[in-house]
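Each chain, letter by letter, is given below.
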Amino acid sequence: LLLLCAWLAALSHAALPPPDIDPDYYQNKKEVNSDLTIYWSVSNLNIEVALACKCTGWLGWGLSDHGSTMVDVDMVIGRVGRTGIMEVKDYWSTAYQTPQVDSAQGGFQSLISYNGQRKDGVTSIKFTRKMDTTDSKTDVKIVPGQKLTVLWAYNWDSDDINEKHTVFGAFDAILFPLTEAELARPLAVGNNNDKDVDIDEDEEKLNDEEEEEEEEEEDDGDVMDEDFENEGQGFSFLSVLLLAVPVVCGALIYRNYAKGNRRRF
């Protein structure tokens, strides 16, 4: 039964298709040495990372916002066993020792997807995570335009992450560089404050529309007042005319009546 469970677990890991790392697919490429190449791309506020190394051991990738160090560093470590069993996990390093997974330190696994393979003496892993995973305890937030330190390491022939790396290094990079148009914006693309900017712009537009409506209403009111005044003037003239007609008619009738009476006498 134990052997069956182990076999099913191996199948569950090996069932994922091997990642085809297409160099033309990624926006950025860094050959850190003759053995290891790192690729990455940013889209839809996600970052996709791939590592390909001429080795059969584990591969590690890390992010630091305070230089090359293993203290408080966001890491992703992947390995592919000889039988094809693959594992890629999210780690947080607090010291110069084997790091622990995020979930054991108050954080959570923030990888959206991952994969790995070993073929012809080359081990490769790739993974996707959000630029802002919202895990403030055990992840480093990738801010557009911000320079971060990318750490890398690998072991030549051991896929046991407790085995110390045989080669390691670091380089500074802006993982998400800004274009000239984006640099002109008051806030970076993807920043939560962008919503506030959009809201402010919408409020300004709404205020302008309300002011225009108020001005139109005032103009309509002025026209109505003028019309009312004109109608009032017309009403006053008509009233005088209606009152004058009976008086004039009555005077004419009375005069004719008086003349007739004088003739009789």
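Quantities reported herein were computed from a predicted structural model and do not represent experimental measurements.

Alignment of strand β3 (residues 46-53) against strand β9 (residues 122-130), held across eight bridges, turns out to be antiparallel. Directly across from Ala50, in β9, lies its bridge partner Lys126. Relative to β9, strand β8 (residues 111-119) is paired through eight bridges, and the arrangement is antiparallel. In the strand pairing of β9, Asn115 is matched with Lys126. Where β8 folds back onto β9 in an antiparallel hairpin, the turn is made up of two residues, including Asp120, whose phi is positive at roughly 55 degrees.

In this structure, Ile38, Leu51, Trp61 and Leu175 are the most contacted members of the largest nonpolar core, which totals 33 residues. Counting only elements with at least two residues in this core, the list comes to β2 (36-43), β3, β4 (59-64), β5 (73-80), β6 (86-93), β9, β10 (148-154) and β11 (167-173). Sequence-distant contacts of Leu175, defined by excluding residues within four places in its chain, comprise Asn28, Trp40, Val42, Ile47, Leu63, Ile142, Gln146, Leu148 and Val150. Residues Trp58, Met70, Tyr91 and Val101 belong to the second largest nonpolar core, which totals 10 residues.

A sheet is described by the order of its strands in space; here five strands give the open sequence β1-β2-β3-β9-β8, paired in antiparallel fashion. Every other strand in the sheet has two partners, leaving β1 (28-31) and β8 as the edge strands with one partner each. Across the sheet, the mean angle from the axis of one strand to that of its neighbour is 10 degrees, orientation sign disregarded. In this structure, β2 lies alongside β3, joined through eight bridges in antiparallel fashion. Considered in β3, the bridge of Ile38 is made with Leu51.

This paragraph deals with the side chain of Ser41. Considering the arrangement of structural elements, one finds Ser41 in strand β2. Overall, the relative accessible area of 5% leaves Ser41 in the buried class. At a separation of 2.6 Å, a polar atom in the side chain of Ser41 contacts the main-chain amide nitrogen of Gln27. Setting aside residues no more than four positions away along its own chain, Ser41 makes contact with Tyr25, Tyr26, Gln27, Asn46, Ile47 and Glu48.

The tally for this structure, following the rule as stated, stands at six aromatic pairs. Taking 5.6 Å as the distance between ring centres and 90 degrees as the angle between the ring planes, the aromatic pair formed by Tyr154 and Trp156 counts as edge-to-face. Residue classification places Tyr154 among the buried residues on the basis of a relative accessible area of 1%. Here Trp156 falls in the partly exposed class, since its relative accessible area comes to 37%. One aromatic cluster is present, formed by Tyr25, Tyr26 and Tyr39 through successive ring pairs.

A sheet is described by the order of its strands in space; here six strands give the open sequence β7-β6-β5-β4-β10-β11, paired in antiparallel fashion. Each edge of the open sheet is held by one strand with a lone partner, namely β7 (100-101) and β11. When β10 meets β11, the two strands line up antiparallel, connected through seven bridges. Opposite Leu151, over in β11, you have Ala170 as the bridge partner.

It is worth spelling out the pairing of β2 at this point. Of all eight residues in β2, seven are buried, a share of seventy percent or more. As defined by bridge partners, β1 adjoins β2 across four bridges and the pair is classed as antiparallel. The partner of Asn28 across the bridge, within β2, is Trp40. What sits between β1 and β2 in their antiparallel hairpin is a turn of four residues. Hairpin geometry of β2 and β3 is characterised by an intervening segment of two residues between the two adjacent antiparallel strands and by a positive phi of about 55 degrees at Asn44.

A separate point is the pattern of salt bridges. Taken as a whole and assessed by the stated rule, the structure comprises five salt bridges. Residue Glu31 pairs with Lys29 through a salt bridge whose shortest N-O separation is 3.3 Å. Note that Asp74 and Arg129 form a salt bridge whose closest N and O atoms lie 2.8 Å from each other. Of the two residues, Asp74 sits in strand β5 while Arg129 sits in strand β9, which places them 55 residues apart along the sequence. The class for Asp74 is buried, based on a relative accessible area of 2%. For Arg129, a relative accessible area of 2% corresponds to the buried category. Within the structure, one salt-bridge network assembled from shared partners comprises Arg79, Glu87 and Lys89.

Conventions adopted
- Residues numbered from 1 in each chain as written.
- Predicted model: local features only at pLDDT ≥ 70, side-chain atom pairs only at ≥ 80, totals over all residues.
- Heavy atoms only, no water.
- Pairing = 2+ DSSP bridges.
- Helix = DSSP H or I, 4+ residues; strand = E, 2+ residues; numbered from the N terminus.
- Core = buried A, V, L, I, M, F, W, Y, C linked by side-chain atoms within 4.5 Å.
- Buried < 20%, exposed > 50% of the residue type's maximum accessible area, 1.4 Å probe, protein only.
- Contact = heavy atoms within 4.5 Å.
- Axes fitted to C-alpha atoms, helices over the stretch in contact; angles between N-to-C directions.
- Polar contact = N/O pair within 3.5 Å; in protein donor to acceptor, adjacent residues only side chain to side chain.
- Phe/Tyr/Trp six-rings, centres within 6.5 Å; stacked < 30°, edge-to-face > 60°.
- Salt bridge = Lys/Arg side-chain N within 4 Å of Asp/Glu carboxyl O.

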